[in-house]
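Analysis of the macromolecular model
What follows is the residue order along each chain.
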Amino acid sequence: MQPHDFWQEIHPPGTFASDPAEGHRGFYPAAFEDGRQLRLPIRELADGEHALASLIINQAGFAVEGALCGALADKVRPFEPEVVIGLPTLGLTLASGTAKKLGHGRYVPLGTSRKFWYREELSVPMTSITSPEQVKRLYLDPRMLPVIENRRVLLVDDVISSGRSIVAALKLLDSCGVQPVAIGAAMLQTEAWREPLGAFGAQWPDRVVGVLRTPRLTRTAAGGWAAE
């Protein structure tokens, strides 16, 4: 596949082998709950022996984006969210689309760019697994406080991997007296996020909902990639 071909098409169940004997090559077929498959590029890690499947939702075709948002909306609907909050940057695409699928008229974006009317007490430091050396600050626009206070809030990010970004967002919302009823993502990448979320609060891992789940991959003797 060419790099620009990823995330453009959803395939019927069983189109690609979920556990090929020689390992996955070039892409990993992540599965929706109904068995439909989405090809994700495999990103080799620095050690050369492990890799992860990658999802960049703002490069996805509109049909794929709509399917991810629709599937997440269906999964979180039992939590009866009244407001969707999105994490920057890629989580904003998913949060906006999910809010629309839930029938909401708006969503609340968090940001990493400080506007002059923002307040430092409504911010926390944040790093992510894709930008580990960049320490940003995560901000809530003070004008959005009345929108989320005393409401059933859904916190959304595109991919949950290390859990760092989600914990930062939970700390920010906690400082506002807000606790999400659920945390949603297009993809849960490995299970590494469970420990930091559990350390922040034992209830949080059980409130995480994902559309796709992908494992850490290990290089096979045949040169492919297999789930650990």
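The coordinates are above.
This report concerns the structure included in the present document. Each residue is numbered by its place in its chain's sequence as written, counting from 1. Per-residue local features are limited, in this predicted model, to residues with pLDDT of at least 70; the limit for side-chain atom pairs, both in listing and counting, is 80 or more; totals at the level of whole chains, interfaces and linings are taken over all residues. With hydrogens and water stripped out, all remaining heavy atoms of the structure feed into the side-chain values.

This paragraph deals with unusual backbone geometry. The residue after P88, namely T89, is reached through a cis peptide bond having omega -5°. With respect to the helices and strands, T89 occurs in the loop between β5 (83-86) and α2 (91-101). Here the phi dihedral of E80 falls at roughly 55°; this positive angle occurs in a residue that is not glycine. Within the secondary structure, E80 sits in the loop between α1 (62-76) and β5. The backbone of T190 sits at a positive phi, close to 65°, despite the residue not being glycine. Elements are defined by DSSP. Helices are runs of H or I of four residues or more, strands are runs of E of two residues or more, and each kind is numbered from the N terminus. As for its placement among the helices and strands, T190 is situated in the loop between β10 (182-189) and α5 (194-200). Under the relative-accessibility criterion, T190 is labelled buried at 15%. Relative accessible area decides the class of each residue, using a 1.4 Å probe on protein chains only: under 20% of the type maximum gives buried, over 50% gives exposed, and in between gives partly exposed.

The subject of this paragraph is the pairing of strand β9 (residues 153-160). Taken across its eight residues, β9 has eight buried, putting it largely inside the fold. Note on pairing: two strands pair once DSSP finds at least 2 bridges between them. Strand direction decides the pairing type here: β5 and β9, joined by four bridges, are parallel. When the sheet's bridge partners are listed, I85 is paired in β9 with L155. Summarising the sheet, β9 and β10 pair through six bridges and their orientation is parallel. Along β10, the bridge assignment pairs V156 with G184. Crossover handedness for the path β9 to helix α4 (residues 164-175) to β10: right-handed. Looking down the strands as they point away from you, a crossover is right-handed if its path from the first strand over the helix to the second goes clockwise.

Before going further, it helps to examine the pairing of β5. Here β5 shows a buried face lined by V83 and I85 and a second buried face lined by V84 and G86. With two bridges connecting them, β5 and strand β6 (residues 108-109) associate as parallel partners. Opposite G86, over in β6, you have P109 as the bridge partner. Between the parallel pair β5 and β6, the chain is carried across by α2, and the sense of this crossover is right-handed.

Here we take up the environment of G23. Checked against the element boundaries, G23 lands in the loop between β1 (10-11) and β2 (27-31). Residue G23 is classed as buried on the basis of its relative accessible area, which comes to 10%. Here the alpha-carbon distance between G23 and A226, two residues 203 residues apart in the chain, equals 4.9 Å. Apart from the residues lying within four places of it in its own chain, the contact partners of G23 are T220, G224 and W225. Here a residue-residue contact requires only that any non-hydrogen atoms of the pair lie within 4.5 Å.

Once that is clear, we can look at the side chain of Q189. With respect to the helices and strands, the residue Q189 is situated in strand β10. Here S161 takes part through its side chain, which lies 2.8 Å from a polar atom of the side chain of Q189. The residues touching Q189, leaving out its near neighbours within four places in the chain, are L52, A53, V159, I160, S161 and T214. Throughout this description, a polar contact denotes any pair of N or O atoms lying within 3.5 Å of each other; where both atoms belong to protein, one of them has to be capable of donating a hydrogen while the other can accept it, and for residues adjacent in sequence the pair is counted only when both atoms sit in side chains.

Just geometry here; none of it tells us what the structure is for.
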